[in-house]
Amino acid sequence: PSTIQRLWGLACAAAITATLVHLTTEPPSEPRHTPRIRIMDVQKFEGKNGMEAWTIKHESGSTATVYAHGATVTSVKTAEGKELLFVSEKAKFDGATPIRGGIPVVFPIFGDGWGGIQGLPGHGFARRSTWTLGQEGGAVFLTLTSDDLSPEVRAAFPPKFALKYSIDLTKDGFSTTLTVQNTGDAAFSFQSLLHTYYAIEEINAIKVSGLGGLKYIDKLDAANGDKTGDPVFPIAAETDQIFKDVQGSVVASGVVGGKADAQIEVAIETSADSKDCVVWNPWIAKAARMGDFGDDEWRNMLCIEPGRVAAPYELAAGGEFFIRQVVTARL
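This write-up is about the structure you can find in this document. (Residues numbered from 1 in each chain as written. Predicted model: local features only at pLDDT ≥ 70, side-chain atom pairs only at ≥ 80, totals over all residues. Heavy atoms only, no water.)

Section: the nonpolar core
What tends to happen in soluble globular proteins is that the nonpolar side chains get buried as a cluster.
Part 1 of the argument: Counting residues in hydrophobic clusters, the biggest one holds 83 residues, and the most contacted among them are Phe107, Trp131, Tyr165 and Leu302.
Part 2 of the argument: For this core, the element with the highest residue contribution is strand β20 (residues 301-315), accounting for seven residues.
Part 3 of the argument: When residues no more than four places from it in sequence are discounted, the contact partners of leucine 302 are Thr196, Tyr197, Tyr198, Ile200, Ile203, Ile206, Val208, Ile235, Ala252, Val279 and Trp280.
Part 4 of the argument: Judged by nonpolar contacts, the second largest core, of six residues, contains Ala53, Tyr67, Phe93 and Ile99. (Core = buried A, V, L, I, M, F, W, Y, C linked by side-chain atoms within 4.5 Å. Buried < 20%, exposed > 50% of the residue type's maximum accessible area, 1.4 Å probe, protein only. Helix = DSSP H or I, 4+ residues; strand = E, 2+ residues; numbered from the N terminus. Contact = heavy atoms within 4.5 Å.)

Right, here's the structure in full:
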């Protein structure tokens, strides 16, 4: 063969060798655009006082506990075993009273609701109702429909609806999503909220950020109109504030040892045109008046509650609404 042919042969051999080396040393990649299914192990057990409950375990080692009563998540532990949620030692696990702590689901009213709504318990019936757990692929969720309600509750809130409450875990946090579907033939209005209680070491060390410049309703001083939030603020007294039109994440700093970098970050997503966030701590006097809350437990909890509550939201027939919180702990 000619010199050119010999050189061409050597070049082809080198290219083939390089390709074989690449194929044997590079790990195979996952197909693009194929979502990875999360491994979630779910086990049913008897909770406090024999109440129906489940443990959820993520492949990373993080865990959650959820009760059928109210679809209330009462525990989320990171893969390192750190508890993120607060539940009062005096919480009543009786199948009738809302569980004081964890993540109660507020629907279809917040507090006493708005004008024209009567006959419903405070914060609505969702946190008092029995939900049904379901699984699909790697997803874990609970459901409640208008058909599940008692005749008395249906009389007070006639619209037809279906609620789906999805729970997802990560190594260092969690997300929960409440979806509201209007299954009737007429629009209806509602308020909804994820009333999340976070476990903290000392409330006096907490700083809250992410709400600066936003208008808020101070429920302890509502007669004086809306106020404007500070960029960073402490919790130094009874606090019950509804921040409107939240845009970014809400961050609580100092949750462990008062360290500024010990944080819980709450990102809020919704299908609505705006989203709200309630910041709540009962402080000393109100804690003493609450029968299912310890007198000194106000020191060890803070509620950051995403939802749509400053005004009722109207959902068209066949329409769907969701509110989601995505929580990341840096402890």
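Overview of the packing of aromatic side chains
Part 1 of the argument: Inspection of every chain in the model, using the stated rule, returns 20 aromatic pairs.
Part 2 of the argument: Considering the side-chain rings of tyrosine 197 and tryptophan 280, the 6.1 Å spacing of their centres and the 85 degrees angle between planes classify their relative orientation as edge-to-face. Taken together, the residues tyrosine 197 in strand β11 (residues 197-199) and tryptophan 280 in strand β19 (residues 276-281) connect sequence positions 83 residues apart. Taken as a pair, tyrosine 197 and tryptophan 280 share a single burial class, namely buried.
Part 3 of the argument: Three or more aromatic residues joined by ring pairs form one cluster here, namely Phe107, Phe125, Phe157, Phe161, Phe188, Phe190, Tyr313 and Phe321.
Part 4 of the argument: A cation over a ring is seen here: lysine 164 above phenylalanine 141, with NZ or CZ 4.4 Å from the ring centre. (Phe/Tyr/Trp six-rings, centres within 6.5 Å; stacked < 30°, edge-to-face > 60°. Lys NZ or Arg CZ within 6 Å of the ring centre and 35° of its normal.)

Focus: the sheet that holds strand β3 (residues 63-67)
Part 1 of the argument: Taken in spatial order, the four strands of this open sheet run β1-β2-β3-β4, and their pairing is antiparallel. Each having just a single partner strand, β1 (40-46) and β4 (73-77) make up the two edges of the open sheet. Strand-to-strand twist across the sheet, computed as the mean angle between neighbouring axes with direction ignored, equals 15 degrees. (Pairing = 2+ DSSP bridges. Axes fitted to C-alpha atoms, helices over the stretch in contact; angles between N-to-C directions.)

Some thoughts on the sheet that holds strand β9 (residues 173-182)
Part 1 of the argument: An order of β6-β7-β8-β9-β21-β18-β17-β12-β15 is seen for the nine strands of this open sheet, with the pairing classed as antiparallel. One side of each edge strand has no neighbouring strand; the edge strands of this open sheet are β6 (132-136) and β15 (232-234). Ignoring which end each strand starts from, the neighbouring axes of this sheet average 20 degrees apart.
Part 2 of the argument: Where strand β12 (residues 207-209) lies against β15, three bridges are found, and the strand directions are antiparallel. What sits directly across from lysine 207, in β15, is proline 234.

Considerations on the pattern of salt bridges
Part 1 of the argument: Enumeration over the complete set of coordinates arrives at twelve salt bridges.
Part 2 of the argument: One salt bridge connects aspartate 292 with arginine 100, and the closest N-O pair in it is separated by 3.2 Å. Of this pair, aspartate 292 sits in the loop between α3 (283-289) and β20 while arginine 100 sits in the loop between β4 and β5 (105-106), and the two are 192 residues apart along the sequence.
Part 3 of the argument: On the basis of relative accessible area, aspartate 292 is assigned to the buried category, the value being 11%.
Part 4 of the argument: Through salt bridges with shared partners, a single network forms among Asp147, Arg154 and Lys160. (Salt bridge = Lys/Arg side-chain N within 4 Å of Asp/Glu carboxyl O.)

Describing the side chain of threonine 179
Part 1 of the argument: Mapping threonine 179 onto the fold places it in strand β9.
Part 2 of the argument: Judged by relative accessible area, threonine 179 falls into the buried class, the value being 17%.
Part 3 of the argument: Once residues within four sequence positions are removed from consideration, threonine 179 is found in contact with Ala162, Leu163, Lys164, Glu320, Phe321 and Phe322.

In short, shape yes, function no, at least from these values alone.
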